[in-house]
Structures are given as C-alpha cells and as structure tokens.
Amino acid sequence: MIPTPDLSHLTPEDFEEVYHPAEDTFLLFDALEHDVGTLKGLCPRLCIETGSGSGCLSSFLAGILGPSHALYLCTDINARAALCTARTGAQNNTPLDPVLTSFASPLMERLKHSVDILLFNPPYVPTSISEASAAQDVSGGVGIASAWAGGMDGMEVTNQFLAFVDGLLAPRGLFYLVAVAPNNISDITTRMKDSYGLKSHIVLERRAGREHLFVIRFARPESA
C-alpha cells in the first residue's frame, strides 16, 4: 500500500482557502494504486494535475511511480493552493512544479500531445452558474469555492477542461477524472468518444454519504 502523503506542514489557515483531501481524493488515490502496473508501464515523462490544491494527489502519484525522470506540473488558479502544492512536494521529497494558471491554458502549444498522465478532481458540486463563475473569477480573488462550485449539473468547469484533454494527451496517455452521479457519467463518456475518439473505463466507484463518486479513465483506442 502506498502511504498517504504527509500534509502535517499545512495549517488550518491553509485549509480555509485550499481544499482538504476528502473521500473523492482518496478514491482517486485508490484508482491510481489499482492501475499501478499500467502507470509504471507508461514510463511517464510528463504528468499534469489540474486544480492541485494541497498537492497531495501529485505527491501520491510520484510515490506510486517511484524514482523516475517524470516532470510533475500542478496547475491551480488559487495562489494559496500553488504555494501549498510546492510545500507538499518539499515535505514529501517529491518534485512538484506548481503553475498558477487556469487549466493548462498557457502551456497548450508546448505540451501538445505530450502528457502521459493527466489528473483532474474538478469542482463537481451542482450550484448556480453565477456561483461557479464567481468562484473561478481570478479578478475577484480565488478561494476554496473554486474547488467545489461546479455550476449547472456540476459540469461547468469540467466541460471547459474536457475540450483541452485530446490536445494534451500523448498517444499512450491516460486521463483520470473524478465525477459524481449528477454529472451524468454516460453523457461524459459518450461525448469524449464521439468528439475525440477517447475510450473510457470506470476504474472505481464508491458511495460517500449522499455522493456517488466515480473515477473514470480515458485513453486513446490504441492504448485503452
């Protein structure tokens, strides 16, 4: 069993502005551990986590892959999250490189079809569209709401990111997405297949209180 990354360096004040690992995080941990053989077999050189928050997920992935030459880019629009990610990397002796940006927008051309492992635990809680938009508005200062306010059906932010996935994934790349039942899992998988030819597989699912959580893995047909 891969140990959970040490977050003892983060303070209650950090977690007032940055998402605290919860059941969705741990389900994604379990999904990555489930796929450990496949992930190591990729011999990944570039891993990206969008919305890294505390940095624990990328640190966990680095722990799974072990010593490697992989680069771990961790993007977030929350400056406090970017700082926490850097500190978590240092605390766990994992080389995390935070980038303060929305998704991987400024890196798209340079990273085109070169990402081996792509991770996204999005803000998936259904809210009003205005609440989700305000949470993602960097001009007003970004706080913890950016980690959970998902807009209509909880899909506003996810839908925006899904349009980037095909352009980022390497030929053998894998994309892991966390979703909940109200997000309409079958619609997500059908759209990704019809629009980009990406095959999907539900790696794990779990009930956590009122939420029914899923981790979906996407890949190109030749690597699925």
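Residues numbered from 1 in each chain as written. Predicted model: local features only at pLDDT ≥ 70, side-chain atom pairs only at ≥ 80, totals over all residues. Heavy atoms only, no water.

1. Quick notes on the packing of helix α2 (residues 23-34) against helix α4 (residues 56-65)
Consideration 1: Following both chains from N to C, one finds α2 and α4 inclined at 20°, their axes separated by 10 Å at the closest point. By the angle between their directions, the pair α2 and α4 is classed as roughly parallel. Considering how the two elements wind past one another, α2 and α4 form a crossing that is right-handed. Each of Thr25, Leu28, Phe29, Leu32 and Glu33 in α2 lies in contact with α4, whose residues at this interface are Cys56, Leu57, Phe60, Leu61 and Ile64. (Axes fitted to C-alpha atoms, helices over the stretch in contact; angles between N-to-C directions. Helix = DSSP H or I, 4+ residues; strand = E, 2+ residues; numbered from the N terminus. Parallel < 35°, antiparallel > 145°, perpendicular 65-115°, else oblique. Left-handed = near helix turned anticlockwise from the far one by under 90°. Contact = heavy atoms within 4.5 Å.)

2. Side note on α2
Consideration 1: Along its 12 residues, α2 runs 16 Å from first to last C-alpha, staying within 8% of the 16 Å computed at 1.5 Å per residue.
Consideration 2: Where α2 is concerned, the buried positions are Asp24, Thr25, Leu27, Leu28, Phe29, Ala31 and Leu32.
Consideration 3: Structurally, α2 contributes buried residues whose contacts are with α3 (36-41), α4, β4 (115-120), β5 (169-180), β6 (199-208) and β7 (211-219). (Expected span 1.5 Å × (residues − 1). Buried < 20%, exposed > 50% of the residue type's maximum accessible area, 1.4 Å probe, protein only.)

3. Things to note about the sheet that holds β7
Consideration 1: The seven strands are arranged β3-β2-β1-β4-β5-β7-β6 in an open sheet whose pairing can be described as mixed. Two strands lie at the open edges of the sheet, namely β3 (96-100) and β6, each paired on one side alone. Strand-to-strand twist across the sheet, computed as the mean angle between neighbouring axes with direction ignored, equals 15°.
Consideration 2: In the sheet, β6 pairs with β7 via nine bridges, with the strands oriented antiparallel. Bridging from a neighbouring strand, Lys199 pairs with Ala219 of β7. (Pairing = 2+ DSSP bridges.)

4. Quick notes on the packing of helix α7 (residues 156-168) against helix α8 (residues 185-196)
Consideration 1: Relative orientation of the contacting elements α7 and α8 amounts to 40°, with a least axis distance of 11 Å. Crossing handedness for the pair α7 and α8: right-handed. In this structure, α7 uses Asn159, Leu162, Ala163, Val165 and Asp166 to contact α8, whose residues at the interface are Ile188, Arg191, Met192 and Tyr196.
Consideration 2: Here the contact of α7 with α8 is composed, by residue class, of six nonpolar, one polar and two charged. (Nonpolar A, V, L, I, M, F, W, Y, C, P; charged D, E, K, R; others polar.)

5. Side note on the packing of aromatic side chains
Consideration 1: Under the counting rule described, the total for this entry stands at nine aromatic pairs.
Consideration 2: Look at Phe29 and Phe60: their rings are 4.2 Å apart centre to centre, the planes differ by 10°, and that puts the pair in the stacked class. Residue Phe29 is found in helix α2, and its partner Phe60 is found in helix α4; the two are separated by 31 residues along the sequence. There is no split in this pair, since Phe29 and Phe60 are both buried.
Consideration 3: With centroids separated by 5.4 Å and ring planes inclined at 50°, the aromatic side chains of Phe103 and Phe161 adopt a geometry described as tilted. Of this pair, Phe103 sits in the loop between β3 and β4 while Phe161 is found in helix α7, placing the two residues 58 residues apart along the sequence. Note on accessibility: Phe103 and Phe161 belong to one class, buried.
Consideration 4: What links up through ring pairs into an aromatic cluster is the set Phe103, Phe120, Phe161, Phe164, Phe175 and Phe218. (Phe/Tyr/Trp six-rings, centres within 6.5 Å; stacked < 30°, edge-to-face > 60°.)

6. Observations regarding the environment of Thr190
Consideration 1: Looking at where Thr190 falls in the secondary structure, it is placed in helix α8.
Consideration 2: In this structure Thr190 comes out as partly exposed when scored by relative accessible area, which is 40%.
Consideration 3: In sequence terms Thr190 and Ser200 are 10 residues apart; their C-alpha atoms lie 8.8 Å from each other.

7. Digging into the nonpolar core
One broad rule of soluble globular proteins: the nonpolar side chains tend to lie buried together.
Consideration 1: Judged by nonpolar contacts, the single largest core of 36 residues is most densely connected at Leu32, Leu61 and Tyr176.
Consideration 2: Those elements that place two or more of their residues in this core are α2, α4, β2 (71-76), α5 (79-91), β4, β5, β6 and β7.
Consideration 3: Membership of the second largest hydrophobic core comes to 28 residues, among which are Leu46, Met108, Val157 and Ile216. (Core = buried A, V, L, I, M, F, W, Y, C linked by side-chain atoms within 4.5 Å.)

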